[in-house]
Amino acid sequence: MTAEYKVHDGVAVITLNNPPVNGLGYATRKAIVSGIEQANADDTVSAIVITGAGKAFSGGADITEFGKDIAFREPNLHGVIEIVENSPKPVVAAMHSVVMGGGLELALACHYRVVAAGTKVALPEVKLGLLPGAGGTQRLPRVIGVEAALNMIVSGETVDAQLLASLPGQKLFDEVVDDPASLADEALAFARSVARVTDLPRVRDLPAKHPQGEAFFQFARNTAGAVAKNLPAPIKCVDAVEAATTLPFAQGLARERELFIQLMGTPESRALRHFFFAERAASKIDDVPPDTPQREIRKVGIIGAGTMGGGIAMNFLNAGFPVVILETKQEALERGVGVIRKNYEDRIKKGKLKQEKYEQTIALLSTTLDYQDLQDVDLVIEAVFEDIGVKEQVFRKLDEVVKPGAILASNTSTLDLNRIASFTQRPQDVVGMHFFSPANVMKLLEVVRGAQTAKDVLATVMALAKKIRKVAVVAGVTDGFIGNRMIEQYARQAGFLLDEGATPQQVDKAIENFGFAMGPFRMGDLAGNDIGWAIRKRRAVEQPDLRYSRTADLLCEKGRFGQKTGAGWYDYAPGKRDPIVSQEVLDMIEQHRKDAGITPRRISDEEIVQRLVFSLVNEGARIVEEGFAQRASDIDVVYIYGYGFPFWRGGPMHYANEVGLFSVIEAMKRFARNPLDDAAFWQPASLLRQLAAEGKQFQ
Ligand code: NAI
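Residues numbered from 1 in each chain as written. Predicted model: local features only at pLDDT ≥ 70, side-chain atom pairs only at ≥ 80, totals over all residues.

Chemist: For this particular structure, what's the right way to read the overall build of the chain?
Modeler: A count of helical and extended segments in the chain gives 28 helices and 19 strands. The C-alpha atoms of the chain give a radius of gyration of 29 Å, which matches the 27 Å a tight globule of 699 residues would have. Projected onto its principal axes, the C-alpha coordinates of the chain cover approximately 90 × 60 × 50 Å. Buried residues in the chain amount to 46% of all 699 residues. In the chain, the proportion of contacts linking residues at least 24 apart, taken out of those at least 6 apart, comes to 71%. (Helix = DSSP H or I, 4+ residues; strand = E, 2+ residues; numbered from the N terminus. Rg over C-alpha atoms; globule rule 2.2 N^0.38 Å. Buried ≥ 20, exposed ≤ 12 C-beta atoms within 10 Å, placed from the backbone. Contact = placed C-beta atoms within 7 Å.)

Chemist: What am I meant to see in the site of the ligand here?
Modeler: Lining the immediate surroundings of the ligand are 25 residues, of which Gly 304, Gly 306, Met 308, Glu 386 and Ser 437 lie closest. Secondary-structure elements contributing two or more residues to the shell around the ligand are α12 (307-318), α15 (388-401) and β15 (430-435). Partitioning the shell around the ligand into residue classes produces 12 nonpolar, 11 polar and 2 charged. (Near = placed C-beta within 6 Å. Nonpolar A, V, L, I, M, F, W, Y, C, P; charged D, E, K, R; others polar.)

Chemist: Where do I start with the domain arrangement of the chain in this structure?
Modeler: How big an interface is tends to be reported as the loss of accessible area on association of its parts. Its domain assignment divides the chain into domain 1 (3-264), domain 2 (300-475) and domain 3 (483-693). Centre-to-centre separation of domain 1 and domain 2, based on C-alpha positions: 45 Å. (Domains from an automatic or database assignment.)

Chemist: Just checking my understanding: could you explain the sheet that holds strand β7 (residues 120-122) for this structure?
Modeler: Sheets are built from strands paired through backbone hydrogen bonds, the pairs being either parallel or antiparallel. Taken in spatial order, the 3 strands line up as β5-β7-β8 in an open sheet, and their pairing is mixed. Each end of this open sheet is capped by a strand with a single partner; those strands are β5 (98-100) and β8 (159-160). The pairing of β7 with β8 spans 2 bridges and is classified as antiparallel. Along β8, the bridge assignment pairs Lys 120 with Asp 160. (Pairing = 2+ DSSP bridges.)

Chemist: Is there a simple way to think about the nonpolar core in this case?
Modeler: Across soluble globular proteins, nonpolar side chains show a tendency to be buried alongside one another. Within the largest apolar cluster, 205 residues are counted, with the highest numbers of intra-cluster contacts made by Val 92, Ile 153, Val 380 and Val 447. Sort the elements by how many residues they give to this core and helix α24 (residues 605-625) lands first, with 9 residues. Setting aside its immediate chain neighbours within four residues, Val 92 contacts Ala 47, Ile 48, Val 49, Cys 110, Tyr 112, Val 114, Ala 187, Phe 190 and Ala 191. (Core = buried A, V, L, I, M, F, W, Y, C linked by C-beta atoms within 7 Å.)

Chemist: Where do I start with the sheet that holds β15 in this structure?
Modeler: Strand order in the open sheet made by the 8 strands is β12-β11-β10-β13-β14-β15-β16-β17, with mixed pairing throughout. Both edges of this open sheet fall to β12 (365-368) and β17 (471-476), since each of them pairs with a single strand only. Each adjacent strand pair in this sheet contributes to an overall mean axis angle of 25°, direction not counted. Inspection of the sheet shows strand β11 (residues 323-326) paired to β12 by 4 bridges, in the parallel sense. By the bridge assignment, Leu 326 is partnered in β12 with Thr 368. (Axes fitted to C-alpha atoms, helices over the stretch in contact; angles between N-to-C directions.)

Chemist: Would you mind going over helix α19 (residues 504-514) with me for this structure?
Modeler: Of all the residues in α19, the buried ones are Pro 504, Val 507, Asp 508, Ala 510, Ile 511 and Phe 514. Viewed end-on, α19 has its buried residues packed into an arc of 165°, placing them on one side of the element. Contacts from the buried residues of α19 go to α18 (483-500), α20 (520-527), α23 (583-596) and α24. Following α19 by one or two positions, Gly 515 adopts a phi angle in the positive range, close to 130°. (Arc of directions from axis to C-beta.)

Chemist: Even after reading the chapter, I still don't get unusual backbone geometry, so can you show me in this structure?
Modeler: Following Pro 19, the chain continues to Pro 20 via a peptide bond in cis, the omega torsion being 5°. Looking at where Pro 20 falls in the secondary structure, it is placed in the loop between β2 (11-16) and α1 (26-41). A cis geometry characterises the amide bond from Ser 437 onward to Pro 438, with omega recorded as -5°. On the secondary structure map, Pro 438 appears in the loop between β15 and β16 (444-449). You will see that Asp 9, though not glycine, has its phi angle at about 50°, which is positive. Tracing the backbone through its elements, the reader meets Asp 9 in the loop between β1 (3-8) and β2. Its identity is not glycine, yet Phe 481 carries a phi of approximately 55°, on the positive side. The residue Phe 481 is located in the loop between β17 and α18 in this model. Taking the C-beta count within 10 Å as the criterion, Phe 481 has 26 such neighbours and is therefore assigned buried.

Chemist: How should I be thinking about the packing of helix α2 (residues 77-85) against helix α3 (residues 102-109) in this particular structure?
Modeler: If you want to describe how two helices pack, look at the angle between their axes and the distance between the axes. The interhelical angle for the contact between α2 and α3, taken along N-to-C directions, is 25°, at an axis separation of 8 Å. Considered as vectors, α2 and α3 are oriented roughly parallel to each other. Two secondary-structure elements touch here, α2 through Leu 77, Val 80, Ile 81, Val 84 and Glu 85 and α3 through Gly 102, Glu 105, Leu 106 and Ala 109. (Parallel < 35°, antiparallel > 145°, perpendicular 65-115°, else oblique.)

Chemist: Help me understand the UniProt feature "domain: 3-hydroxyacyl-CoA dehydrogenase C-terminal" (unreviewed entry) in the chain in this model?
Modeler: Under the local residue numbering, the UniProt record ascribes the feature "domain: 3-hydroxyacyl-CoA dehydrogenase C-terminal" (unreviewed entry) to residues 480-572 and 608-696. Here residues 480-572 runs as 62% helix and 2% strand, with 29 Å between its end C-alpha atoms. Along residues 608-696, the helical share is 65% and the strand share 0%, with 26 Å between the first and last C-alpha atoms. (UniProt positions renumbered as here; feature names shortened; annotations may be inferred.)

This is the structure:
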């Protein structure tokens with residue numbers, strides 16, 4: 001059973017029991033209905049309590065039913081809610097821990113609600129591009145007021161029950177129980193106290209009004225539209241709540257339903273739902289079962305206090321781990337720690353961090369020049385110069401001093417992890433932890449699995465990623481891992497576009513309009529164009545025939561490395577980050593075209609977007625088919641959390657599904673015919689071709 005039914009001295013108690021969060025799946029819905037029917041048919045029962053077992057009252061929809069017909073199988077949530085609300089005997093919701101989405105909508109259909117202090121309440125549907133579709137938009141405004149309800153529904157944010165209980169005139173809670181342990185008893189007592197009420201209060205009978213009516217909703221729509229730019233759901237949430245104030249209840253419900261169905265069919269909601277599952281899937285490693293034993297990590301060592309080392313250290317300090325940083329020189333340590341302190345101090349100034357918390361956190365940090373101080377660490381992350389010789393020195397030394405069983409991680413972005421592992425006698429303990437810059441901000445972590453990396457090391461690092469609030473994706477040892485291997489193709493396309501007639505600003509604008517946080521040229525200026533230059537020099541030796549645009553090299557030859565040199569693809573005013581169109585760069589590109597004998601053509605924004613995005617798709621498909629990523633959805637996670645791909649498009653692979661893989665291949669065939677592009681690159685990856693031929697999609 002996914003809900004239990006018991007009678008306690010005249011009160012029937014229906015306890016939802018569908019771990020982990022009592023999702024309202026088909027079996028649970030059926031059990032609620034049968035509980036209500038049984039209670040109403042039993043003359044010895046005079047009131048009913050609905051509560052949840054374990055960690056939640058109810059977290060809402062059962063995510064295992066998402067996108068499947070069973071989610072709507074009768075009794076659907078609407079049906080359950082109607083039966084609860086129409087029960088002739090009083091129904092009391094006894095809420096604790098988590099009350100979300102459909103869980104709150106169910107509670108709103110009960111005649112009374114008792115809540116334990118500390119309960120978290122939310123209608124988070126908007127985060128999946130939807131709106132609460134089982135009466136939430138109609139009932140919540142009636143019990144906490146239109147404005148408070150609108151805020152909760154449009155933001156999807158979690159609110160503390162006590163805060164809601166303090167709203168003037170609120171009718172959401174009839175009683176707040178201070179001690180959650182006594183909720184069950186208090187709810188039974190409450191149920192007995194209302195057992196004889198015949199004229200039961202129902203939320204649907206309450207008024208929903210806002211004094212400014214139309215003007216208020218127009219303002220809310222404007223605000224929601226401005227914040228949510230490309231997302232239709234927040235505005236439809238406003239429409240639905242407005243309907244609660246202008247239409248009779250039943251018609252309001254019908255309107256909510258209609259808006260819900262419209263949102264279900266939007267690409268944005270499909271993308272957000274895809275991403276919800278993609279993120280969960282990314283944490284799973286196919287051959288590393290969830291019960292794999294983990295190594296205990298109590299203390300962390302970091303080698304190198306540069307850009308990455310400092311940011312990486314902050315992640316662990318924030319999560320309460322003692323951290324020791326090792327450098328070669330005292331000045332380097334002081335500089336590194338200075339940057340860490342400044343980062344925290346900026347947070348204090350912005351009111352995001354309390355002084356006391358800062359002092360506790362920074363007290364966890366120690367520094368050293370001596371490898372002996374790493375003897376007791378359980379994990380070391382190396383973030384020294386990107387040079388195989390330096391990495392070799394460091395890993396040989398670590399192998400000598402660090403205790404057996406400690407995990408040895410490298411933050412390398414381009415070097416061969418298997419080679420790094422071979423510098424030690426314990427390659428099974430070596431793993432890549434590829435953070436993204438700034439490491440204390442970016443959520444993505446590529447966990448690089450070496451040929452010999454042990455399963456318990458992987459399990460430990462994946463779990464640790466959650467503790468330091470990163471989203472980890474497993475990558476194999478391939479040049480650039482997942483993200484940078486793909487971005488190289490994207491950058492090559494951006495270069496070809498310049499050769500053929502586009503300007504840096506046209507390319508940036510087109511892809512930013514598509515939704516990227518930053519176009520390739522602004523991104524190059526931010527990250528430093530010299531990084532790509534160094535990689536191209538290496539490539540020129542490894543793959544001398546590889547075609548690429550010379551424009552980026554010409555730029556670097558002028559010393560225009562980006563923001564750090566005050567000039568890159570754009571000019572920058574001193575101390576400013578706003579890109580200014582550079583005539584020097586435009587002239588440079590034009591001269592380059594002349595030298596190469598290219599007659600520039602007008603390139604449409606559509607072509608720019610397709611070439612940039614489909615280059616990611618094709619390389620992503622190759623990475624999956626070669627086994628360097630476990631699944632296509634992992635690539636979406638990498639691109640959204642690491643590279644500013646628009647989250648509401650679900651990532652490059654999901655976007656390709658939306659376009660249709662057949663159409664994606666057709667576009668690639670067109671690009672392959674362009675003599676200035678790289679025809680070999682545009683041969684569709686075999687995975688892509690195969691899926692398209694079978695009418696399937698990336699998973
Ligand atoms: P950085 O140059 O800012 O810092 C490197 C630090 O390592 C310097 O403070 C240096 O004094 C120290 N160091 C050098 N040799 C050492 C040794 N033998 N022992 C101890 N410390 C030593 O470099 P950054 O940018 O922090 O990069 C570090 C690593 O992270 C590289 O492998 C890089 O590829 C990787 N990475 C860099 C990213 C970035 O955006 N900067 C992103 C992801 C990875």
